[in-house]
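Commentary on secondary and tertiary structure
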Amino acid sequence: MANIEINELPPAASLDGTELIAIDKNTGPGYVTQQTSINSLSSLGVTQPYVVAQVTVGLPNSRRLAGAAGQINVSDGGPGADISIGLATNGVVAGTYGDGTHVSRVTIDATGRVTAASQVVITNQGDVVGPASSVAGDIPIFSNTTGKLLSDSGKALPAGAIVGTTDTQTLTNKSIDAGQLTGTVAYARLPVGTGVNTVAAGDDSRIVNALNKNNNLSDVSNPSSARTNIGAAASGVNFDITSLTGLTTALSISQGGTGTTTSTGTGSVVLSVSPALTGIPTVPTASVGTNTTQAASTAFVLAQASSTTPVMDGTGAVGVSTRFARADHVHPSDTSRLAAANNLSDVANPAAAAANIGAITTSAVNTFTAAQAWSEGTAIASAATLVLGNGGNFFHVTGTAIITAISGTPSPVTLAFDDAATLTNNANIILPGGADIITAAGDVAVFVFEGSGVWRCVSYTRAVAPPPIVTPWVSYTPTFNGIGTATNVKCRSRRVGANLEVEVAFATGTVTGTTFDMTMGFNGVNGSVVCDTFWNGFRPVVGVGAIQVAGAISIYVLGLGGSNLVNLSFAASGRDGLTPVAGSVLGTGNPIILRFSTPIDGWN
């Protein structure tokens, strides 16, 4: 519900509509209070008149247009737009209430607004229903003393049509109590005679079409219909008797009833198919082993249980005994048998058992006495996880996908590559030289399984000589000895074939008498490679460099087989070019640039 305040501009502003009005924006309501000229604000650099807006609670002449809650909605459309006023929705559903069978019900508040509307079904249509009479069948009457519409009259309502006090009514098949008759009552008389519609006085046998009591129903015109009408059955054959009820004493067998005779009596009992016996019927107990159609008692069944110990071992046989085993019978233990739960740990001679089933024990050596045929399985498509088949130990690999893992059981396994796939050196696949291999058609690799998902390539044969491997330059941070803390260090390396190429520039710190050396690194990892062990005990010259040292002719980089370090040496008067120099020879604060290429162990 919006409250809209309409303020008027005070006449004191004296605006003529030509001024440029600049309003200082403040929070809260505001209105124009005065006009200030350019002269009064020249110190502020203002070149046009403006009007200052000040914050106030409201104007003396302001008017507030507010809507009553739940009755009238007032909304502001914004600057320059209309103010809309409308009735608020009060939840009453629009429609017509009341019809031929309903009456409308409405709720109106103090403002005359309908706040609720519904309709009620009109009941009590048709006959007027009065109060219940104190006596069943009494006639209710109208009362003008108690204010009730109907009241108890205490008059019994006769059966049939109601007879008025002045008119004549014809009663059909109605009985009239003589005590209720008053005045003169007209009645009909039957003539005496022997014809139709006459009566013989004092002799009912002469009534036409009536039965004579002395004939004992022999004069019934249709005995069969009469039996049906009174629910009687014909004598003799009992085909129309379906049941007998109300007998105080059951019919005996001799009377045609059901029952049995005693074992010493006469007669026979015919039982229906699968009769349902109740109670605890008994039968004679047959001897143990009886095999006839005689009924078996519970005593006979229990007597059939075996009383001998179950057979422990022997040749399988059906058996001929009619005795059965008890539910809790226990077979004796056979110590000559192996227990399934022991998983062959109870074998008397494990070595002999292994030999008998052709198994290899953990301590035995499997000696191949014949040629071993490695079958070729179905070709495998290269994928991130290369799934080996079970059809052999040799597979062709197709496709160019990158392979990062191997899954399967045949080990060792030989793979022949048909396309340029990529074998990735990682924790799951260990490759020669620790580097990725891009396969070529005809390349062959042999892998063995080391467990835990790890496969090692123990042989890789290329179909043609591969081009040298050249990796991108990658920076790494070397470690220096003999020159203190080096500054302005820039270093990078890459692989070219079997060699590591390194470019490095640095400035020496506070030098010492320790032999200068620097670590090699590859693929961003410091100290991760070593010089080819072929040069163990030797320091071959692997590169050159420059240093700003007076009298130096040239500087050499020396490698050391089996080590990840390189040294420096000078070729100057009286100095061996293959002897590493101490850091003190390089001097403090001198810039040095080196470039060298050294063979790396395992990259051949």
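Quantities reported herein were computed from a predicted structural model and do not represent experimental measurements.

1. So, the overall build of the protein
- A tally of regular secondary structure across the protein gives four helices and 32 strands.
- As displayed, the protein has an accessible area near 41,600 Å², and 55% of this comes from carbon and sulfur atoms.

2. Comments concerning the nonpolar core
- Counting 30 residues, the largest nonpolar core has Phe506, Met518, Met520 and Leu586 as the members making the most contacts within it.
- Of all the secondary-structure elements, those providing two or more residues to this core are strand S25 (499–507), strand S29 (541–547), strand S30 (555–559), strand S31 (565–570) and strand S32 (591–599).
- Among the elements that make up this core, the one with the highest residue count is S25 (four residues).
- Within the second largest apolar cluster, 20 residues are counted, among which are Ile380, Ile437, Ala445 and Phe447.

3. Looking at the environment of Ile83
- Within the secondary structure layout, Ile83 lies in strand S6 (residues 83–87).
- In this structure the C-alpha to C-alpha distance between Ile83 and Leu65, which are 18 residues apart in sequence, comes to 9.5 Å.

4. A closer look at the confidence of the model for the protein
- Per-residue confidence for the protein gives a mean pLDDT of 77; residues scoring 70 or more make up 66%.
- Of the regions scoring below 50 in pLDDT, residues 6–15 engages in 17 contacts with residues more than four places distant in sequence or in other chains.

5. Side note on the packing of aromatic side chains
- For the structure shown, the criterion picks out six aromatic pairs.
- Ring geometry for Phe522 versus Trp603: centroids 4.9 Å apart, planes at 70°, classification edge-to-face. Separated by 81 residues along the polypeptide, Phe522 in strand S27 (residues 521–522) and Trp603 in the segment after S32 bring together distant segments of the chain.
- Note on Trp603: relative accessible area 7%, which makes it buried.
- An aromatic cluster is defined as three or more aromatic residues linked by ring pairs; in this entry it consists of Phe480, Phe506 and Phe516.

6. Here's the deal with the sheet that holds strand S24 (residues 487–496)
- Reading across the sheet, the nine strands line up as S22-S24-S25-S32-S29-S30-S31-S26-S23 and stay open at both edges, with antiparallel pairing between neighbours. Because the sheet does not close on itself, it has two edges, and the strands there are strand S22 (474–475) and strand S23 (480–481).
- Where S30 meets S31, five bridges bridge the pair, whose relative direction is antiparallel. In the sheet register, Ile555 faces S31, and the bridge partner there is Phe570.

7. A closer look at the pairing of strand S21 (residues 454–461)
- Across two bridges, strand S18 (residues 429–430) lies against S21 in parallel orientation. Looking across to S21, one finds that Ile430 is bridged to Arg456.
- Where strand S20 (residues 444–451) and S21 come together, seven bridges link them in antiparallel fashion. When the bridges of S21 are listed, Gly451 appears paired with Val454.
- The hairpin turn running from S20 into S21, its antiparallel successor, is two residues long, and Ser452 in that turn takes a positive phi close to 55°.

8. Points about a nonpolar patch on the surface
- Taken together, Leu65, Ile72, Ile83, Ile85 and Leu87 make up a surface patch of nonpolar side chains, about 440 Å² in accessible area.
- Of all the elements, S6 adds the most residues to the nonpolar patch, at three residues.
- With respect to the helices, strands and loops of the structure, Ile72 is situated in strand S5 (residues 72–76).

9. Observations regarding the pattern of salt bridges
- This structure, assessed with the given rule, holds seven salt bridges.
- Across the pair Arg595 and Glu503 runs a salt bridge whose closest N-O atoms are separated by 1.7 Å. Taken together, the positions of Arg595 in strand S32 and Glu503 in strand S25 put the pair 92 residues apart, joining distant regions of the chain.
- Exposure remark for Glu503: the relative accessible area of 23% places this residue in the partly exposed category.
- What emerges from the salt-bridge pattern is a single network uniting Arg492, Arg494, Glu501, Glu503 and Arg595.

Conventions and cut-offs
Residues numbered from 1 in each chain as written. Predicted model: local features only at pLDDT ≥ 70, side-chain atom pairs only at ≥ 80, totals over all residues. Heavy atoms only, no water. Helix = DSSP H or I, 4+ residues; strand = E, 2+ residues; numbered from the N terminus. Areas by Shrake-Rupley, 256 points an atom, 1.4 Å probe, with all protein chains shown as cover. Core = buried A, V, L, I, M, F, W, Y, C linked by side-chain atoms within 4.5 Å. Buried < 20%, exposed > 50% of the residue type's maximum accessible area, 1.4 Å probe, protein only. pLDDT = per-residue confidence, 0-100. Contact = heavy atoms within 4.5 Å. Phe/Tyr/Trp six-rings, centres within 6.5 Å; stacked < 30°, edge-to-face > 60°. Pairing = 2+ DSSP bridges. Patch = residues over 30% accessible without salt bridge, like charges linked within 9 Å, V, L, I, M, F, W, Y side chains within 5 Å. Salt bridge = Lys/Arg side-chain N within 4 Å of Asp/Glu carboxyl O.

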